[in-house]
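# Working through the structure, step by step
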Amino acid sequence: MNATLPERQFSEKWHVKGSLAVLLFVLIFIGSGYNTGVSTSFSWDQFWQLLIRMMHPDWAYVSSIITPIAETIQMALVGTLLGTIIAIPFSLLAARNIVKNTYLRGIIRFFLNLVRALPDLLLAAVFVAIVGIGPMAGVGALTIFSFGMISKLFYEAIETIDEGPIEALTAVGANGIQKIVFAVIPQVMNQFLSFFLYTLEINVRASTVLGYLGAGGVGLYLDQTLSLFRYDRTAIVILAILVVVIVVDGISNRLREALA
């Protein structure tokens, strides 16, 4: 029996839909750039001068940024830890299988949505205005940012747990705290640690940018070197940030793989 392959339509044969989608994206991209006043002028001379100067790093400057790099890591670690501690009770209150009161759960989730709507750069600017330039501003901004992010990840993880242990403890008369400690936390502990490490990765990268706004850490030195046109030192700062991010990401990935 001879089987014939179905003949493709013209639009499928020549990928008309995909081509039109790409064309539409390009037109939207060009139109957005035109409407926002983006200029196509670009100084290649300045670009090459900047690149050449950054290709000759001032290696003696390395010793000056060791302390700021350590401060940046400390900011990220403390901010993530504080945000996680605050997020745990809120994530329990926002979980559907823990809190049955729809109104209370809705209020908690609405509050968490408001917190997540605040960008970390805005938080850094606010904390710099409140406590001044320094690492305290960075820790405060990262704490709020971590709280909003981790709380959502936590309560979504809690809602996926097995209800069997909770029902068993309920049957023997356990109270709410006992059910959380012995039935909920053991099931999500590995996920909690994984989310903590993931948020720490993000905060290490974010802390370098927050420092540029005055929130402490190596970002302040990035701002200073750029302001003084010391691009040879700027290259050192960028390389240091790159090394720290790669190392932290590598360690975090290994630990999260071990927890999976």
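Residues numbered from 1 in each chain as written. Predicted model: local features only at pLDDT ≥ 70, side-chain atom pairs only at ≥ 80, totals over all residues. Heavy atoms only, no water.

### Notes on unusual backbone geometry
To be explicit about the condition: Numbering goes from the N terminus for both helices and strands, where a helix is a DSSP run of H or I of at least four residues and a strand is a run of E of at least two.
Positive phi is not limited to glycine here, since Phe229 has a value of about 60 degrees. For Phe229, the location among the structural elements is in the loop between α10 (218–227) and α11 (231–259).

### Some thoughts on the UniProt feature "transmembrane region" (unreviewed entry) in the protein
Rules: UniProt positions are given in the numbering used here, feature names are shortened, and annotations may be inferred rather than shown by experiment.
On the UniProt side, "transmembrane region" (unreviewed entry) is annotated at positions that read residues 20–38, 76–99, 120–145, 202–222 and 234–252 here. The distance separating the terminal C-alpha atoms of residues 76–99 is 31 Å; by composition the span is 79% helix and 0% strand. Spanning residues 120–145, this segment combines 88% helix with 0% strand, and its end C-alpha atoms are found 6 Å apart.

### As for empty space enclosed by the protein
Here is the rule we go by: Grid spacing is 1 Å over the protein atoms alone, the probe is 1.4 Å, and a cavity is where that probe fits but cannot get out, while a pocket is an open set with protein on both sides within 12 Å along at least five of seven lines and lining residues have an atom within 4 Å of a point. Grid points are joined across faces, edges and corners, and a volume is the space filled by probe spheres set on the points. Residues are sorted three ways: Asp, Glu, Lys and Arg are charged, Ala, Val, Leu, Ile, Met, Phe, Trp, Tyr, Cys and Pro are nonpolar, and all the rest, Gly among them, are polar.
One pass over the full model with this rule turns up one cavity of 30 Å³ or more. Taken as a whole, the largest cavity holds about 30 Å³ of empty space. Those elements that provide at least two residues to the lining of the largest cavity are α4 (62–94), α9 (176–212) and α11. Tallied by class, the residues present in the lining of the largest cavity amount to six nonpolar, two polar and no charged.

### Structural notes on the packing of helix α3 (residues 44–54) against α11
To keep things clear, this is the line we draw: Angular values range over 0 to 180 degrees, each being the angle between N-to-C directions of two axes fitted as lines to C-alpha atoms, with helices fitted over their stretch in contact. Working definition: roughly parallel below 35 degrees, roughly antiparallel above 145 degrees, roughly perpendicular at 65 to 115 degrees, and oblique for all remaining angles. Each crossing gets its hand from how the near helix is turned against the far one by less than a right angle, where anticlockwise is left-handed and clockwise is right-handed. The criterion used for residue contact is that any of the two residues' heavy atoms lie within 4.5 Å.
One can describe the packing of α3 onto α11 by two numbers: an axis separation of 7 Å at closest approach and a directional angle of 65 degrees. In terms of orientation, α3 lies roughly perpendicular with respect to α11. Both α3 and α11 take part in a crossing whose hand is right-handed. Between α3 and α11, the residues in contact are Leu50, Arg53 and Met54 and Tyr231, Asp232, Thr234, Ala235 and Ile238, respectively.

### Considering helix α5 (residues 102–116)
This is how it is decided: Here the expected length of a helix is defined as 1.5 Å per residue gap, with one fewer gap than residues. Burial classes: relative accessible area under 20% of the type maximum marks a residue as buried, over 50% as exposed, and values in between as partly exposed (1.4 Å probe, protein chains only). Directions pointing from the helix axis toward each C-beta atom define the arc. Counting of polar contacts relies on pairs of N or O atoms within 3.5 Å, with two restrictions inside protein: one atom must be capable of donating a hydrogen and the other of accepting it, and residues adjacent in sequence are counted only when both atoms are side-chain atoms.
Over its 15 residues, α5 runs 21 Å from end to end, which matches the ideal 21 Å to within 8%, given 1.5 Å per residue. For α5, the full list of buried residues reads Arg105, Ile108, Arg109, Leu112 and Val115. Projected onto a plane normal to the axis of α5, the buried residues spread over an arc of 115 degrees and lie on a single side. More than 90 degrees from the buried face of α5, the exposed residues found are Thr102, Tyr103, Ile107 and Phe110. Among the residues of α5, the N-terminal cap falls to Asn101, whose side-chain oxygen and the backbone nitrogen of Tyr103 are separated by 3.0 Å.

### Overview of the packing of aromatic side chains
How we decide: Within 6.5 Å between ring centres, the rings of Phe, Tyr and Trp (the latter by its six-membered ring) count as paired, and their orientation is classed by plane angle as stacked under 30 degrees, edge-to-face over 60, tilted in between.
One pass over the structure, following the stated rule, counts six aromatic pairs. Ring geometry for Phe154 against Phe195: centres 6.3 Å apart, planes inclined by 40 degrees, an arrangement best described as tilted. Here Phe154, found in helix α7 (residues 135–158), pairs with Phe195, found in helix α9; they are 41 residues apart in sequence, far enough to count as distant. With relative accessibility at 1%, the residue Phe154 sits in the buried group. Put simply, the rings of Phe90, Phe111 and Phe147 pair up and form one aromatic cluster.

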